[in-house]
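# Tertiary structure, described
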Amino acid sequence: QVQLVESGGGLVQAGGSLRISCAASGGTFSMYSMGWFRQASGKEREFVAAISWSGGSTYYANSVKGRFTISRDNAKNTVYLQMNSLKPEDTAVYYCAADSGVLTTQAAKYDYWGQGTQVTVSS
């Protein structure tokens, strides 16, 4: 089984940057595609970004394209989300997820989820 733990969330001003991390354990991390999702208060969870097991393929939601970058370090069993030019509407709990299949944007296809880390962007 895979366990995922997010970290690095916090409070930043609009226009600022933040990098959040997701550390994996209990499985073969390099064999999983990884994704980031977020859920704002009162809203449904939405896709943010995903990366293939090799890191060769990435996909971003239109709302974050050009501002966020997903990356992974398989040697450290860690996936990252670099967030630049943050906006108040980026405020949410950010979750990482692992998928034993190929890269996907569909939350229902992910097998494992972390507990989330809060990102708050002030205006």
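Refer to the structure above for everything that follows.
The following refers to the structure shown. Because the structure is predicted, anything quoted here is derived from the model rather than measured.

On inspection of all chains with the given rule, the structure shows 1 disulfide. Each sulfur of the disulfide joining Cys22 and Cys96 lies 1.9 Å from the other. The S-S bond linking Cys22 to Cys96 shows a torsion near 55°; that makes this disulfide right-handed. Of this pair, Cys22 sits in strand E3 (residues 18-25) while Cys96 sits in strand E9 (residues 92-99), and the two are 74 residues apart along the sequence.

The next thing to look at is the environment of Ser41. Within the element layout of this structure, Ser41 appears in the loop between strand E4 (33-39) and strand E5 (46-51). You can call Ser41 exposed: its relative accessible area is 77%. The spatial distance from the C-alpha of Ser41 to the C-alpha of Thr91 is 8.7 Å, given a sequence separation of 50 residues.

To continue, consider the pattern of salt bridges. Counted under the stated rule, the structure contains 3 salt bridges. For Glu46, the salt bridge is made with Arg38, and the minimal N-O distance between the two is 2.7 Å. Judged by relative accessible area, Arg38 falls into the buried class, the value being 6%. Residues Asp90 and Arg38 are paired through a salt bridge, measuring 2.9 Å at the closest nitrogen-oxygen approach. Linking Asp90 in the loop between strand E8 (78-83) and E9 with Arg38 in strand E4, this pair joins segments that are 52 residues apart in sequence. Comparing Asp90 with Arg38 shows no difference in burial state: the two are buried. Each of Arg38, Glu46, Arg67 and Asp90 takes part in a single network of salt bridges with overlapping partners.

In this section: the packing of aromatic side chains. All chains considered together, the criterion is met by 6 aromatic pairs. Over the ring of Tyr95 we find Arg45, and its NZ or CZ is 3.8 Å from the ring centre. The ring of Trp113 has Arg45 sitting right over it, with the charged end atom 4.9 Å from the ring centre.

Procedures and definitions
- Residues numbered from 1 in each chain as written.
- Predicted model: local features only at pLDDT ≥ 70, side-chain atom pairs only at ≥ 80, totals over all residues.
- Heavy atoms only, no water.
- Disulfide = S-S within 2.5 Å.
- Helix = DSSP H or I, 4+ residues; strand = E, 2+ residues; numbered from the N terminus.
- Buried < 20%, exposed > 50% of the residue type's maximum accessible area, 1.4 Å probe, protein only.
- Salt bridge = Lys/Arg side-chain N within 4 Å of Asp/Glu carboxyl O.
- Phe/Tyr/Trp six-rings, centres within 6.5 Å; stacked < 30°, edge-to-face > 60°.
- Lys NZ or Arg CZ within 6 Å of the ring centre and 35° of its normal.

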